[in-house]
Amino acid sequence: MDIIEKIKKLKKEKNAIILAHYYQRADVQDIADHVGDSFYLAQVGKKSDADIIVFCGVRFMAESAKILSPEKTVLFPCYTEAPCCMEYMASPEEILQYKAAHPDVKVVTYVNSSSAVKTVSDVCCTSSSVENIIDNLDTEKILFVPDKNLASYVQEQIPHKKIIPWDGCCNIHDAVRPSDIERALEKNGRDLVIAAHPECRKDVRDMAHYTGSTSGILTYINESSSERFLVVTEKGISHQLKKDNPNKEFFFLPMLCRAMKKIFPETILESLETMKGEVVLDEETIKEAGKALNNMLLFSKKRGE
Ligand code: 13P
Ligand code: SF4
């Protein structure tokens, strides 16, 4: 039996599902039951009636799945460290200190953060849900942790609220400069339609025809009548883009998230066989971070929906 067949058999026997982010290796995305952006995967994990979730993403995503479904076993089939760099860009102590000095402020935390930071946050968000969440909050002033680029993007979308940015960012998206875009256009043609993730800096977002989450970029490109695109996010998204749009042409910058490439079909199989890589969090973390993550699901609907 080959690896895929063995994984399928074990999934059935153990009532497990495999979730994968768009930045995962192509062979991992192909094994998954659901592939999506971080918001979709959080929703699917919570709603699923599986006993085991095998989460293929980075650490905060697997931990969030456990926090949202404490009764399920969550396996993270990655045996070396695979954190998002933003998990280290804020600490609960710093946030508590800020809250004490600014009691009128609510803390909105990007899911790309540690579980400890989530425990002291009012609500979490993802890049696809952030606008609705902030719009739905009954407060004017928001401390946005930790991504300053996403904070500035949201401030542009929701000018009537005051967004106070934390000083963090994604090292991969934040490294892109307008000159990189210029060079790509120069080399590949000025007709390229540019789609960028909101973790990019403002000067890069301003050059884009569309800015949105990974699923937003996919929808935009799938629905577009244009044929050639410069996609300014992690290159792993190319797998789904090409599947959905075999006749369109895609160009990328050298944006690689190493933490997203540490899961393999072999580690998924081993994890399912041996239950290695189980996500274990203490009860207090699950309870407190769970409030912020469940609030994210609650506040993510458009006003009036
Ligand atoms: P999405 O929520 O758009 O999937 O983004 C997650 C991420 O880590 C982007 O770098
Ligand atoms: Fe984190 Fe950036 Fe990797 Fe996304 S691309 S998981 S934000 S380090």
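In short, a report on the structure.

The rules behind each value
- Residues numbered from 1 in each chain as written.
- Chains lettered and ligands numbered in written order.
- Predicted model: local features only at pLDDT ≥ 70, side-chain atom pairs only at ≥ 80, totals over all residues.
- Heavy atoms only, no water.
- Near = heavy atom within 4 Å.
- Polar contact = N/O pair within 3.5 Å; in protein donor to acceptor, adjacent residues only side chain to side chain.
- Areas by Shrake-Rupley, 256 points an atom, 1.4 Å probe, with all protein chains shown as cover.
- 1 Å grid on protein atoms, 1.4 Å probe; cavity = no way out; pocket = protein on both sides within 12 Å on 5 of 7 lines; lining within 4 Å.
- Sits in = over half its atoms within 2 Å of the grid points.
- Pairing = 2+ DSSP bridges.
- Helix = DSSP H or I, 4+ residues; strand = E, 2+ residues; numbered from the N terminus.
- Axes fitted to C-alpha atoms, helices over the stretch in contact; angles between N-to-C directions.
- Contact = heavy atoms within 4.5 Å.
- Buried < 20%, exposed > 50% of the residue type's maximum accessible area, 1.4 Å probe, protein only.

Glancing now at the site of ligand 1. Close contacts around ligand 1 come from His21, Tyr23, Asp37, Ser38, Asn112, Ser127, His173, His197, Glu199, Ser213 and Thr214, and that covers them all. For ligand 1, an oxygen atom lies 3.2 Å from a polar atom in the side chain of Ser127. Out of a free accessible area of 300 Å², ligand 1 has 96% covered by protein chains. The pocket occupied by ligand 1, as judged from atoms lying within 2 Å of grid points, is the second largest pocket.

Turning our attention to the sheet that holds strand 6 (residues 123-125). The strand order 6-5-7-8 describes an open sheet built from 4 strands, whose pairing is parallel. The two strands at the open ends of the sheet, each matched to only one other strand, are strand 6 and strand 8 (162-165). Each strand of the sheet is rotated relative to its neighbour by a mean of 30°, with strand direction disregarded. Examined bridge by bridge, strand 5 (residues 106-110) and strand 7 (residues 141-145) share 4 bridges and lie parallel to one another. Residue pairing in the sheet places Val107 in a bridge with Leu143 of strand 7. Packing against the sheet, helix 8 (residues 148-157) makes contact with strand 5, strand 7 and strand 8, and its axis sits at approximately 170° to strand 8.

Across the 5 residues that make up strand 5, a large majority, 4, are buried. Relative to strand 6, strand 5 runs parallel, the two being bridged by 3 bridges. Each bridged residue has a counterpart across the sheet, and for Thr109 the counterpart in strand 6 is Cys124.

Ordered by their spatial adjacency, 4 strands build an open sheet running 10-9-11-12, and the pairing between neighbours is parallel. Either end of the sheet is taken by a strand with one partner, and the two such strands are strand 10 (210-211) and strand 12 (249-252). Sheet strands touched by helix 9 (residues 178-188): strand 9 (193-196), strand 11 (228-232) and strand 12. Its angle to strand 11, the strand with the most contacts, is close to 160°.

Nothing here speaks to function; it is geometry throughout.
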